[in-house]
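# Understanding the architecture of this molecule
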Amino acid sequence: KYNEQALHRIRSFFTEITNHDVELGILMSIRNPYKFYPSIIQQQLKGGMNLSIAFDKWLDLCADYFQNITLRFERIFGSDQVKIVRFEDSIQSEEGLVGATLKHAGLQKSFVTQSVFTKTKRSNPSMSQEASWILSNVNEDVPRLMGSTANPERKKFKIRRVLEIPGQRFQLQSDQLHTIVEKSKEDLDWVCSRYELKKYTVGNTDFTSADSATNGYWSAKTLRYIVARLLFFPPRVRESIQRTLHQHSKPSSIKWVASLFLSKGVMMIAPIYDYFFWINGPVRNWIRATIK
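Residues numbered from 1 in each chain as written. Predicted model: local features only at pLDDT ≥ 70, side-chain atom pairs only at ≥ 80, totals over all residues. Heavy atoms only, no water.

Quick look at the overall build of the protein now. Broken down by element type, the protein carries 16 helices and four strands. Pairs at least 24 apart in sequence give 74% of the contacts found in the protein among residues at least 6 apart. Entry remark: accessible area of the protein is about 17,600 Å², with carbon and sulfur atoms responsible for 55%. (Helix = DSSP H or I, 4+ residues; strand = E, 2+ residues; numbered from the N terminus. Contact = heavy atoms within 4.5 Å. Areas by Shrake-Rupley, 256 points an atom, 1.4 Å probe, with all protein chains shown as cover.)

Let us now look at a nonpolar patch on the surface. On the surface, a cluster of nonpolar side chains totalling about 380 Å² of accessible area is made up of I10, F13, F14 and I17. By the secondary structure assignment, I10 is in helix α1 (residues 4–17). For I10, a relative accessible area of 39% puts it in the partly exposed group. (Patch = residues over 30% accessible without salt bridge, like charges linked within 9 Å, V, L, I, M, F, W, Y side chains within 5 Å. Salt bridge = Lys/Arg side-chain N within 4 Å of Asp/Glu carboxyl O. Buried < 20%, exposed > 50% of the residue type's maximum accessible area, 1.4 Å probe, protein only.)

Where helix α2 (residues 33–46) contacts helix α12 (residues 174–194), the two axes come as close as 9 Å, and the packing angle between them is 115°. The pairing of α2 with α12 is recorded here as roughly perpendicular in orientation. In terms of crossing hand, the pair formed by α2 and α12 is right-handed. Residues P33, Y34, Y37 and P38 of α2 lie in contact with α12, whose contacting residues are L177, I180, V181, S184 and L188. Classifying every residue of the contact of α2 with α12 by side-chain character gives eight nonpolar, one polar and no charged. (Axes fitted to C-alpha atoms, helices over the stretch in contact; angles between N-to-C directions. Parallel < 35°, antiparallel > 145°, perpendicular 65-115°, else oblique. Left-handed = near helix turned anticlockwise from the far one by under 90°. Nonpolar A, V, L, I, M, F, W, Y, C, P; charged D, E, K, R; others polar.)

Next up on the list: the side chain of E74. As for its position among the elements, E74 is in helix α4 (residues 65–77). According to the relative accessible area criterion, E74 is buried, its value standing at 12%.

A few words now on the confidence of the model for the protein. On average, residues of the protein score 80 in pLDDT, and 78% of them are at 70 or above. A low-confidence stretch, residues 269–280 stays under pLDDT 50, and its non-local contacts, those more than four residues away or across chains, total 15 contacts. (pLDDT = per-residue confidence, 0-100.)

Right, let's get into the side chain of D141. Mapping D141 onto the fold places it in helix α9 (residues 129–141). Here the side chain of D141 touches S240 through a polar contact of 2.6 Å, side chain to side chain. Once residues lying within four places of it in the same chain are set aside, the contact partners of D141 are R236, S240 and R243. (Polar contact = N/O pair within 3.5 Å; in protein donor to acceptor, adjacent residues only side chain to side chain.)

With that settled, the discussion passes to α4. An ideal rise of 1.5 Å per residue puts 18 Å on 13 residues; α4 measures up with 19 Å between its terminal C-alpha atoms. Turning to α4, its buried residues number three or more, namely Y65, F66, I69, T70, F73, E74, I76 and F77. At its buried positions, α4 is contacted by α1, β1 (26–30), α2, α3 (51–61), β2 (82–86) and α12. Count one or two residues on from α4 and you reach G78, which has phi positive near 100°. (Expected span 1.5 Å × (residues − 1).)

This part covers the packing of α9 against helix α14 (residues 235–247). Between α9 and α14, the shortest axis-to-axis distance is 9 Å and the interhelical angle comes to 130°. Relative to α14, the element α9 is oriented oblique. When you trace α9 past α14, the crossing you get is right-handed. Residues W133, I134, N137, V138, E140 and D141 of α9 form the contact with α14, whose participating residues are R236, V237, S240, I241, R243, T244 and Q247. Partitioning the contact of α9 with α14 into residue classes produces five nonpolar, four polar and four charged.

You can see R224 is positioned in helix α13 (residues 220–230). Residues R224 and I165, spaced 59 residues apart in sequence, show a C-alpha to C-alpha distance of 9.8 Å.

Taken as a whole and assessed by the stated rule, the structure comprises nine salt bridges. E153 is paired through a salt bridge with R236; the nearest N and O atoms lie 3.0 Å apart. Of this pair, E153 sits in helix α10 (residues 152–155) while R236 sits in helix α14, and the two are 83 residues apart along the sequence. According to the relative accessible area criterion, E153 is partly exposed, its value standing at 25%.

Below is the structure:
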């Protein structure tokens, strides 16, 4: 979406509708990579990728990600019309994230300090680590496309039910975070120096949380949520969930045995449930007629 042809079209569009009498500028927000890339990878999961592909894709881009975008903006809109701010500074400001963005865009303080901006609630919460593992396997086992056509099995899959699975906070492994931070450091330093921003620093303490939640995965709350909704997932998705339990639980763990038992039990019941209530036409039609 940052290719120069598209940016030229955007610039031409705004120039035409404003009778050529305004200055067009770019306001861009950057974010610490060890927070930014996990957020981006979650979006890629929601879009249909698995964790491995999403990580590799962004690892290839992060070496010059901000520099590429910034230089394109400068070439098309002019270097004096590009302004960059730090996401971390915006969320800490008294105006809040939305208010701070509007303030940087030139709006008056009396306007941006209204409660409608300062009290804006977060609308894009992170998924749990358990949910990310499950969704990654679902994307691999039940892809959105089969060749060039939509996968009919995917239409039955309600992604919201996976995204709402409770559990530990989503995070990349510490070695993955180290790789991303090291590879993107030069790019981030370049942007901060060019736009006179405080440079980012990432210490060892920022990576310690990546391994701290290991014993908390697949809590009773998480398992209860999954089991209560397994019957509403298509069969292939249920198989993906079962595979995830095998992959990301310790064989010696009681939780692993419990999760395997629960998943096996529901996997055995589910086909019977499907047959009598949804797949078998006469029964389904009889229920519908009786309800009417």
